[in-house]
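A look at the structure
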Amino acid sequence: MKQFYTLLIFILVTIVTYGQQFTATGTVYDADINDVLPGVNVFVKNTSNGTTTDFDGNFSLPNVAVGDILVFSYISFKTQEITVSNQDSISLYLREDVSALDEVVVIGYGTQTKKEITGAVAVVGAETIEELNPTRIEQALQGQVAGVNITAESGSPGSGSNIRIRGISTNGDNRPLILVDGNVIEDLSVLNPGDIESINVLKDATAGIYGVRAANGVVLITTKTGRKNSKLKFSYDVYGGYQQTSRTIPVLNATEYALLTNEAFAAGGQANPFPNVSDFGVGTNWQDEVFQNAPIINHNITITGGTEKSTFSFGSSLLTQDGIVGGSKANFKRFTSRINFNTDLLENLKFTANLIYTGTERKTLSENGIGSVLFNALNNAPTFGVREANGAFTLAQGLGNEVINPLAQIENTFNSNDVVRISGKTALNYKFWNDFTVESSLQFNYAEVKGRFFSPVAFFGAGKVFNNIDRPNLTTNKDIFKDYTFDSFINYNKRLSEDHNFQATLGTSVFVTKGQFSGGTQGFFENEVSFAEADLINAVDIRNGLQDSGLSGKFDERLLSYFARIQYDYKGRYLFSGVIRRDGSTKFGPDNRFGYFPSGSIGWIASDEEFLVNSNAVNFLKFRASYGILGNDRIPGNGFRGILNGEGAYVLNNQLVFGQAIGVLPNPAIQWEEQKTYDIGVDLKLFNSKIDITADYFNKTTEGLLLQPQVSGILGANAPGAQAPVVNGGTVENSGFEFAIGYQSDRSKDFNFGLNYNVTFLTNEVTQVNNEAGFLQGGSFGVGQDPPARMEAGKPIGFFYGLETNGIFQNQDEVNSHATQANAAPGDLRFVDQNSDGIIDTDDRIDIGNPIPDATMGLNLSINYKSIDFGAYAFASVGNEIVRNYERNQPLVNRSVYTINRWTGEGSTNEFPRLTTGATSNTLFSDFFVEDGSFVRIQNAQIGYTFPNHLMEKMGADKLRIYLSANNIYTFTKYRGYDPSASSGAPIGAGIDQGFYPVPRTYLLGLNLKF
C-alpha cells in the first residue's frame, strides 16, 4: 500500500509540473567560434509561440511547460530541437550547416542559391583553406575542384602558379579572371589565404556575364566579414615551421664520376683525365651543399563586428619564408592588410567598401634554366671541393661556359623585387519600387614594382658567361600599373503568382588599364661597392635601352561593355538563364573593335517532380546544360597598327644613319578570339544528402586564335626589333568529363567523417593552324637545337616534336644495315627512319610526347572525433610527359646515376647509350629525353585539437585550436627530375624541365585563437 501511495504522489507531481507554465530563458551560441548569436528564432514546436535572441544572444520565451519542444533556427545554421525538462536556463550551441552555406553562390552581378544554378560552379570554403594552410591561394584549389589544374612555376618563395580551368584554350594568355569581393586581381600573391571566406569557380559559359576577361573561366573570392548586431571579435592565427627539399636527383659520386669520365675520354680517343681514382672517395655532393632546411612563419589577425546597420572586418598578416636553396638569399616577405565595411545608409540604400594593401619583398636566385643554381649543382664535378685551401671558392674549370660553383653563384647574387599594391572597391546599392535594385561600383588597382639587380666583380672560371671582371654594375627598374573598373547595373526581380519568377539584369562596364615601364637602368661603378651601397647617383656610366630607343614605355588600354541577363524559373524546378554581352577592346582596330557574345543555360530539378519528391533515396536531382560564345583579347596592344619600336638603317646625305622602324608588323584585320563552349551536367544528392555527386561533360572550341606566324623575311619581319604580325590563325578544342563524389557522415555528435573524390578527363587537340608552315614552335632544348614543342593540327597544343628511338646499336652490322645516321657507332641511340628515305635527319621527327595530362584527380579525407580533427588529401596527374633537360652535354660535367647502366658492349643494355667524348647524335632531341610525368602526391595531412568550451570560458576566449601539418609529403612517380608538378605554364613549351626548383616539403605547428 505504501508503494501505491508513493507512485500516486509521483504521478500527481508530474502532472502538476507538466501543466505548470513558466518563462524559458537561455543563451544561444555559435558553436564554431563560441560567440553569441543574435536574431536566432526560438519557438515552441507546433505552436505560434516564439521569439528571437537579442544582441547578446539571450532569449526569454513565456508560456513554456516542461515537456515542450523548443525549436532553434538561424539562417545558414542547422536547426536544433530540445525538450524542456526543467526551468533551468538553457545554453545552446548551434553549428553552421555547411550544405546550406554552399547553397549561396556568387554568379556575377548577383547571387543565386546553388539549387537554382544552371552552370558548372564549384565552391571551396574557409574550412578547407584552413586545413591546407597554403602560402598562396592557388594551392587551395589543387585537387579540390574538378576541372581546375594548378602547376607551380617554381618552388621558390613567392613564386607564382598557373591556374588552368578545363584545359589550355589558346596559345596566348590562359589565366582565368580573378575577382576578390568584386575587385579584379591579376596576382593572387597579394591576398592572404586566411582572409578568405569562400572561393567560387565558374567553369562554363555562364562565366560570360563577366565578358571578355572570362574566356578562361572565373575565380570569385569572398573575404571574411562581420555580422550585424555582433560584438567585436578577434581571431589570431599563427603557424611556423620549416621547409626542405622533397627530392634530390641521384648523381655520380667522385669515384664513379672519375671512372666513367675516363671511360668516355678513352672511347673518344683521348687520354684519361683522372689517372689515379683511388683517393677520390665520395667527393662533394653539390645538392647537399645548396639545399637546406628553411624557416617559414605566418601571423594573421582578423577583427570583425557589426552594429544594427553596419558590419566590418579588418585583417592583417605577415608571412616570412626563406628558400630551400639560398636561404635568406631567396627570402620572401609579404605583408597584407584588408578592410571590409558595409552599412545601411537608409533602409533601402546600402554602401559597401573594401581595401586591400599588399607589400612584398622578394630576393631571387637564378632558377629553372641553364646556368641556374640547381643546374650547376647537378652538373658540377664532385671532385671539386667547395673552397680552395685559401678559402676562395673553387672554379669549375673545364665544365663548359655555363657550369660554375653554385655556392659561389649564391654568394655573388644580389637580386630584390619589391611590390606595393593597393586595391579597392566602393559600391552603392539602392532598392526601389520593391522589385528594382540598382548598383554602381568603382574598382581600382595601383601597383609599383621595383627591382634592384647587382652584379659585383666576380670570376667563376675561364670562359664562364657569368664572369664580371670589368666593373660592378647595378640595374634598377620601377614599373607602375593602374587600372579602374566602373560597373553599373540594374536588377529587376518579379514573381508572378507562385509559379513564375523573373529576374532581369541590365548594365554596363568600363575598364581602363594604364601604366609605365621604366626599362632597366644600368649603372657602372669605378670602384668596388656593396649591394647596399650601390646607388645610380654614384654611377659613372648609365644606360637605359628603353629610353635610348626613344620609347616612352607607357601603355593605355580600355574595354567598354554592355550586358543583359534574363533568369526565369517555373515552379522553382524549370530553370533558364540567358546572357548577351557586347564588348569593345582597344586591342583591335575600329572595324573589329566590338564583338557580341551570347550564352544561355537551362536546368531541370527532377527531384521536385511528383515521381521523386517523396523518394527516400534521392534528395536532390538536377539536370543542367549551357552553351555560349566568349571573347578573348589577351594579346599585346597595338597589334592592328604600326609602332616605331624596331630598329632601322637609313641613308641620309650619303651617310648611314640608324633610327627607328616599325617593330611588330601591323594587321588591321585582327579580331576577337571566340570560344564556343557547351556543358551538360547533373547534380545529385542521395540518402539524406550524405552522398553528393556532380558530373559534367564539356567541350570548348577556341576559334580565330591570335598568333604570330612565321613569315618571309621579305616582309621585314627579320629586321632588328621587328616581328611578324598578329593574325587570327588557329583553332583549339578541349573536351572532357568531370566527376566528383562526396560522402559526409554525422554518426554521432562526437564522431563524423567526410570523403571526397574528383576526377577530370581531358582531351586537347589543335584543329587548325593557318600559317605557311602549318605549325608554331616554342620551348628550348640543349644548346643550339630547334625548339622541341609545337602547335600543329591534329595534335595537342605544345606536343613534343623529335626523333623516335628504337634501342641501341649493338654492333657494327646493325649500324651498316640501318639508315644513314651521323657519327653512328655501336652503343649509340638508334633513330627510326620515319619517311624511309634512308637518312636520319629533321624530317624524321614526330610526336613523341604530350605535356597535358589525360586525367587529374583529388582525394580528400576529414575525420572529427570529439575535440580532435584530422584531414588529408592527395592529388594525381596521369598521362603527361616531361622533357628531361637539366643535363649539360660537356665531357667533364657530372652525370645522373642511370649512366652506370650505360652500354658497355654487345648485349649489355638496350636502354642507355655509351659514354664518349666523341661526336654522336645521342644528344639530339629524341624520346630518350622524354619521361612519364604521371604522379600521385600525398599533398597534405593535418591533425588538430580544439580545447573544450568550458575551459575557453575560464580563459576568456571563444576558441583555441592547435595543430600539426605536413605539406607535399610524398610523391609517387617514375620521373627522375626534381618535381613532376612544376611547369613554366607556357602553352607551347611547357613540361620542359631545365632543373625545376622543387616545391618544398613543409612541416608546420600552428594555432588558431578566437576571442
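The residue numbering used here restarts from 1 in each chain and proceeds along that chain's sequence as written. Selection of residues for local features in this predicted model requires a pLDDT of at least 70, selection of side-chain atom pairs for listing and counting requires 80 or more, and totals for whole chains, interfaces and linings are taken over all residues. Hydrogens and water are ignored here; the side-chain numbers use all heavy atoms of the structure.

A few points about the nonpolar core
As used here, the term nonpolar core means buried Ala, Val, Leu, Ile, Met, Phe, Trp, Tyr and Cys residues forming a set that is joined through side-chain atoms within 4.5 Å. Between buried and exposed lies partly exposed: a residue is buried under 20% and exposed over 50% of the maximum accessible area for its type, with that area taken using a 1.4 Å probe on protein chains only. In this structure, Val290, Phe291, Val325 and Leu374 are the most contacted members of the largest nonpolar core, which totals 27 residues. In this text, helices come from DSSP runs of H or I with a minimum length of four residues, and strands from runs of E with a minimum of two, each type numbered from the N-terminal end. Of all the secondary-structure elements, those providing two or more residues to this core are α5 (286-290), α6 (373-379) and α7 (406-411). The dominant element in this core, judged by the number of residues it contributes, is α6, at four residues. We call two residues in contact when some of their heavy atoms are within 4.5 Å. Ignoring any residue separated from it by four or fewer positions in sequence, one finds Val290 in contact with Ile324, Val325, Gly326, Val373, Leu374, Ala377, Pro406, Leu407 and Ile410. Leu141, Ile150, Val201 and Ile356 belong to the second-largest nonpolar core, a separate cluster that totals 25 residues.

What to know about the pattern of salt bridges
Any Lys or Arg side-chain nitrogen located within 4 Å of an Asp or Glu carboxyl oxygen qualifies as a salt bridge. Throughout the structure, instances matching the rule amount to 37 salt bridges. Between Arg902 and Glu263 there is a salt bridge; the shortest N-O distance is 2.7 Å. Here the residue Arg902 occupies a position in the loop between β49 (881-884) and β50 (930-932), and Glu263 occupies one in helix α4 (residues 254-267), the gap between them amounting to 639 residues. On the basis of relative accessible area, Glu263 is assigned to the partly exposed category, the value being 26%. Residue Asp679 pairs with Arg624 through a salt bridge whose shortest N-O separation is 3.4 Å. A residue pair is termed long-range when its members are at least 10 positions apart, and Asp679 in strand β35 (residues 673-686) and Arg624 in strand β32 (residues 618-632) qualify at 55 residues. Asp679 sits in the buried class, given a relative accessible area of 1%.

Structural notes on the confidence of the model for the protein
Segments scoring low in pLDDT should not have their predicted coordinates read at a detailed level. pLDDT runs from 0 to 100 and stands for how confident the predictor is about each residue. For the protein, the average pLDDT comes to 88, and 92% of its residues sit at 70 or higher. A low-confidence stretch, residues 4-18 (pLDDT under 50), is modelled with four contacts involving residues beyond four sequence positions or located in other chains.

Examining unusual backbone geometry
A negative phi holds for most residues other than glycine; trans holds for most peptide bonds. Although it is not a glycine, Asn46 sits at a positive phi angle of roughly 65°. Among the structural elements, Asn46 can be located in the loop between β3 (41-44) and β4 (50-52). Under the relative-accessibility criterion, Asn46 is labelled exposed at 74%. Residues other than glycine seldom take positive phi values, yet Ser836 does so here, at roughly 55°. Tracing the sequence through the fold places Ser836 in the loop between β45 (829-831) and β46 (846-849).

Looking at the sheet that holds β49
Across the sheet, which stays open at both edges, the three strands sit in the order β50-β49-β53 with mixed pairing between neighbours. At either end of the open sheet lies a strand with only one pairing partner, and these are β50 and β53 (992-993). Here, strands pair whenever DSSP counts at least two bridges between them.

Observations regarding the packing of aromatic side chains
Two rings belonging to Phe, Tyr or Trp (six-membered ring only in the last case) form a pair when the distance between their centres is within 6.5 Å. Interplanar angles under 30 degrees mark stacking, angles over 60 mark edge-to-face geometry, and anything in between is tilted. Counted according to the given criterion, the structure contains 40 aromatic pairs. Between Phe517 and Phe555, the aromatic rings sit 5.4 Å apart at their centres with planes inclined by 35°, giving tilted as the arrangement. In this pair, Phe517 is assigned in the loop between β26 (500-516) and β27 (521-524) and Phe555 in strand β29 (residues 554-570), connecting sequence segments 38 residues apart. Residue Phe517 is classed as partly exposed on the basis of its relative accessible area, which comes to 39%. Phe555 sits in the buried class, given a relative accessible area of 19%. Of the aromatic side chains, those joined through ring pairs into one cluster are Phe781, Tyr898, Phe912, Phe925, Phe928 and Phe929. The aromatic ring of Phe511 is capped on one face by Arg213, whose charged end is 4.3 Å from the ring centroid. If you follow Arg884 out to its NZ or CZ, it ends over the ring of Phe928, 5.2 Å from the centre. Should the NZ of a Lys or the CZ of an Arg lie within 6 Å of a ring centre and within 35 degrees of the ring normal, that charge is described as sitting over the ring.

Some words on the pairing of β32
The buried fraction of β32 is high, at eleven of 15 residues. Taken together, the seven bridges between strand β31 (residues 594-605) and β32 define a ladder with antiparallel strand orientation. Across the sheet, residue Ser599 finds its bridge partner in β32, namely Gly628. As paired strands, β32 and β35 are joined by 14 bridges and run antiparallel to one another. Each residue of the ladder has a partner; that of Tyr627, found in β35, is Tyr678.

What about the side chain of Ser235?
The topology assignment puts Ser235 in strand β18 (residues 230-244). Here Ser235 is in contact with Asn300, Ile301, Thr302, Leu1009 and Lys1010, once residues within four sequence places are set aside.

Side note on the environment of Asn894
Tracing the backbone through its elements, the reader meets Asn894 in the loop between β49 and β50. Every residue in contact with Asn894, bar those within four places of it in the chain, is listed here: Val251, Leu252, Tyr257, Leu378, Asn379, Asn380 and Pro382. Within the structure, Asn894 has its side chain in polar contact with the backbone oxygen of Leu252 (distance 3.1 Å). Any pair of nitrogen or oxygen atoms within 3.5 Å is treated as a polar contact; in protein, a donor-acceptor pairing is required on top of that, and neighbouring residues in sequence qualify only through side-chain atoms on both sides.

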